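Analysis of the macromolecular model
The residues making up each chain are set out below.
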Amino acid sequence: MGNCNCQSKKPNSVNKNNAVKVSTEMSIMDVIGSWKSRWNIGRMNYKVNPGLYITGEPDSDSEVFISSNYKMSFDILRKNLKGINAWIIVLDTAGINVWCAAGKGTFGTDELIRMIDKTSIKDCIDHKRIIVPHLGAPGISAHEVKKQSGLNVIYGPVKASDIKEFLKNNLKTTDKMKKVTFTLFERLILTPTEFVLSLKYSPLFLILLFLIDIIIGKNGLEVFYKDILIFFGTLFFGTILFPVLLPFLPFRSFALKGWILGLIYITSINLIVFNSVHGNYVHMLTAPILTSFLAYNFTGSSTYTSLSGVEKELKISLPLYGLSILSGVVVLLINFF
Amino acid sequence: MKYLKNVAQLELDSDKCTGCGMCVEVCPHAVFIIENKIAIITERDLCMECGACQINCPFNALNVRKGVGCASAVIKGKLTGSEPSCGCSDTSNCC
């Protein structure tokens, strides 16, 4: 903890809120915290307090960075401010990252104006610049901020790791800094959360499978064990392999890409386990639906899907899902009688 | 990576556009370029309807159907009859 040193530089400062000095080093607890968050352990409650923070010893010429109060967002920012004297204003985004919160509007013009006032940042600086992360732009109206606070919003890079280069480049973002990517690594890092989230509904599916297998099959338990394997394989394909293979799967629709992946999966299983291409028709009809749905669900984590597109996908795939599952039920009943 | 063809709802009113370049500045998918002192949409299919261009256009020249391209938000919205809203808090890529 340190004092907001703007008070010594500007004696008439009205700033009574002491800025909190933060380290630019990640502690072991920060690393564990973000690891836990990736695995969806306490992810919804990983927050820092909104307010004014500093790295190093900022003065009235130092830049002001805006962040959200999702701890991982804040940590990534401060880690990339190593060796830089800067002010950080953390907005109250209810613990949601910058991009999501900008979409919701909680990382927004009103909240920014509120925090500019609350932190009295204008008393700390002689310039009129604040640096808003590029992905905060959907929530912030730069001209509105200017009108209400007199401060100029400068949109920084998408990735905090480009901040040093951005500062060297006289606060200009290059085309590359402005562009959102979705690289293999960026997709891979999301898969634990996807997988853990999909497990949430697994007990329900497993109970259903168990009941069906016990009621219908002669060797109910044996069939159930196979079904368990196939089920978790489907989750693995839908939540881990799908994100990895996303750009390589044909067609643009996530649901369709996922369905194809599921079909490949179930066909391979049939060939390996059951020694036939079609194997169990019920598996053929239902497993690709599950991978398709998991894939469709991944639109929420992707960086390039639009609301209109996601709605269109649902409109088309929902009836097809229903039809496919219904056919599966019919096959089950035919086998039973 | 491109999403579905011809779904993104993004309109640019060239009469209002002054070519200030703010849309080029904020768009995360490089949808706009400035040509002959006016903004043009290069490829609408790249638009993810985040709404950054619209809210940052000082001249009201842009119209986007702003929303989150997130399945669970869309489903939740349909089930509850409300606007699709993101309910998650992932790192940088969620919703």
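For the structure, check the block above.
These remarks concern the structure in this document.

Procedures and definitions
- Residues numbered from 1 in each chain as written.
- Chains lettered and ligands numbered in written order.
- Predicted model: local features only at pLDDT ≥ 70, side-chain atom pairs only at ≥ 80, totals over all residues.
- Heavy atoms only, no water.
- Helix = DSSP H or I, 4+ residues; strand = E, 2+ residues; numbered from the N terminus.
- Expected span 1.5 Å × (residues − 1).
- Buried < 20%, exposed > 50% of the residue type's maximum accessible area, 1.4 Å probe, protein only.
- Contact = heavy atoms within 4.5 Å.
- Polar contact = N/O pair within 3.5 Å; in protein donor to acceptor, adjacent residues only side chain to side chain.
- Core = buried A, V, L, I, M, F, W, Y, C linked by side-chain atoms within 4.5 Å.

**Topic: helix 13 (residues 254–274) of chain A**
Side chains that are three or four residues apart share a direction in an α-helix, a result of its 3.6 residues per turn. All names here are of chain A. Along its 21 residues, helix 13 runs 29 Å from first to last C-alpha, staying within 8% of the 30 Å computed at 1.5 Å per residue. F254, A255, K257, G258, I260, L261, G262, Y265, I266, I269 and N270 are the residues of helix 13 that are buried. Here the buried face of helix 13 lies against helix 12 (220–245), helix 14 (281–297) and helix 15 (307–336). Where helix 13 begins, the capping side chain belongs to S253, and its oxygen is found 3.3 Å from the backbone nitrogen of A255. Looking one or two residues beyond helix 13, the residue adopting positive phi is N275, at roughly 55 degrees.

**Digging into the nonpolar core**
Residues A:I66, A:F107, A:L112, A:I121, A:I130 and A:Y155 are the most contacted members of the largest nonpolar core, which totals 54 residues. Top element by residues in this core is helix 4 (residues 98–104) of chain A. It accounts for five residues. When neighbours within four sequence positions are excluded, A:I130 is seen to be in contact with A:V64, A:I66, A:L112, A:I116, A:V145, A:L151, A:N152, A:V153 and A:I154. The next biggest cluster of nonpolar side chains, apart from the first, holds 28 residues, and it includes A:I266, A:Y296, A:Y304 and B:A71.

**A short note on the environment of B:N56**
Turning to its location among the elements, B:N56 is positioned in helix 2 (residues 52–56). A relative accessible area of 1% places B:N56 in the buried class. Remark: the alpha-carbon pair of B:N56 and B:N6, spanning 50 residues in sequence, is separated by 24 Å. With near-sequence residues (within four places) excluded, B:N56 lies in contact with A:A137, A:I140, A:S141, A:A142, A:H143, A:Y155, B:M22 and B:V26. In terms of polar contacts, B:N56 uses its side chain to reach the backbone carbonyl oxygen of A:I140, at 2.9 Å. A polar contact is formed between the side chain of B:N56 and the side chain of A:Y155, at a distance of 2.7 Å.

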